[in-house]
Amino acid sequence: MTRFQGRVAIVTGAGAPDGIGAAVAAALVAEGARVVLGATSERVHQRAAELGDAAVGVVADLTVDGAADTLAHAALERWGRIDVLVNNAGMTSVASGWDADDDVANLSLADWDAALARNLTTAFLMCRAVVPTMREAGYGRIVSVGSTTGTVNAMPGQATYTAAKAGLLGLSRALALETVGDGVTVNVVAPGYVATGSQLEFEAAAAAAGPIGRSGTPDEIASCVLFLAHESASFVTGAVLVADGGHGLPETWPRP
């Protein structure tokens, strides 16, 4: 398939071999796109090498002001355009580790700030870096990978992540209105439990007990991202696509 022939995409958080970012990048390249992969460690170069000449890796800590511009410049210098941005960076990184997992009353301000920087500020800085180029071209697709956490539900002890992902939806909806007249759409994919290398044991158990009886796969989430990233999704903006296998639907489960 060549749905993305001639398009150039940036995918952040694409260093893990079994993660959503790598799956999105591979799916885009398979359909004709050229892709800049971003991550905080050198392993991003291996992910890019696996995709051949259609991909390039950039090591960047997107919590640092100016790092997002590095990814944008890489796309423009190599291929002269930016059509798609996929904000996938968040939750954990090789450079900075995991979000703090504690009750609000016990969190330090440093823990709070670090989690918001990793899960929300990274997306803000990437959007700020690419929107001028997209506006000038009169076309763009921005898709942020959020979570059902913070979008449709919450978990105790994870206020930082929950607040950041809720904020990601607010950021996306505001930006959608700011760019709706410029040919740029801004949407969110909200996955439930997904079987990646960073999935925790209790998450896998919860997914197995849910309606569909399993976790999602990175490829299934990538399919959702590609739908919103394609030019045909031109009438969809400020939306949330929940991909959780129906996990959030029942009031009780299994059926009484």
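A few points on the structure.

Conventions used here
Residues numbered from 1 in each chain as written. Predicted model: local features only at pLDDT ≥ 70, side-chain atom pairs only at ≥ 80, totals over all residues. Heavy atoms only, no water. Helix = DSSP H or I, 4+ residues; strand = E, 2+ residues; numbered from the N terminus. Rg over C-alpha atoms; globule rule 2.2 N^0.38 Å. Buried < 20%, exposed > 50% of the residue type's maximum accessible area, 1.4 Å probe, protein only. Lys, Arg positive; Asp, Glu negative; His and termini not counted. Charge placed at Lys NZ, Arg CZ, Asp CG, Glu CD. Pairing = 2+ DSSP bridges. Axes fitted to C-alpha atoms, helices over the stretch in contact; angles between N-to-C directions. Contact = heavy atoms within 4.5 Å.

### Considering the overall build of the protein
Then, in step 1: A tally of regular secondary structure across the protein gives 7 helices and 9 strands.
Then, in step 2: The C-alpha atoms of the protein give 17 Å as radius of gyration, which agrees with the globular expectation for 256 residues (18 Å, within 12%).
Then, in step 3: The principal-axis extent of the C-alpha atoms belonging to the protein is close to 55 × 40 × 35 Å.
Then, in step 4: Relative to its full complement of 256 residues, the protein shows a buried share of 48%.
Then, in step 5: If you average the places of the 15 positive and of the 26 negative side-chain charges in the protein, the two averages end up 8 Å apart.

### Considerations on helix α1 (residues 20-30)
Then, in step 1: Counting buried residues in α1 gives 8 out of 11 residues, a clear majority hidden from the surface.
Then, in step 2: For α1, the full list of buried residues reads I20, G21, A22, A23, V24, A25, L28 and V29.
Then, in step 3: Backbone geometry just downstream of α1 places G32 in the positive-phi region, at approximately 105°.

### Comments concerning the sheet that holds strand β7 (residues 140-145)
Then, in step 1: The parallel open sheet is built from 7 strands, whose spatial order is β3-β2-β1-β4-β7-β8-β9. Each edge of the open sheet is held by one strand with a lone partner, namely β3 (55-59) and β9 (240-243). Averaged over all adjacent pairs, the angle separating strand axes in this sheet is 15°, with direction ignored.
Then, in step 2: Looking at chain direction, β7 and strand β8 (residues 184-191) are connected through 6 bridges and run parallel. Across the sheet, residue V143 finds its bridge partner in β8, namely N187.
Then, in step 3: Contacting β1 (8-11), β4 (84-87), β7 and β8, helix α4 (residues 109-137) runs over the sheet at an angle of about 175° to β4.
Then, in step 4: Running over the sheet, helix α5 (residues 159-179) touches β7, β8 and β9 and is turned about 160° from β8.

### Here we look at the environment of A176
Then, in step 1: Considering the arrangement of structural elements, one finds A176 in helix α5.
Then, in step 2: For the pair A176 and T151, spaced 25 residues apart in sequence, the C-alpha separation works out to 17 Å.
Then, in step 3: For A176, the residues in contact, after removing those within four places along its chain, are V186, T237 and G238.

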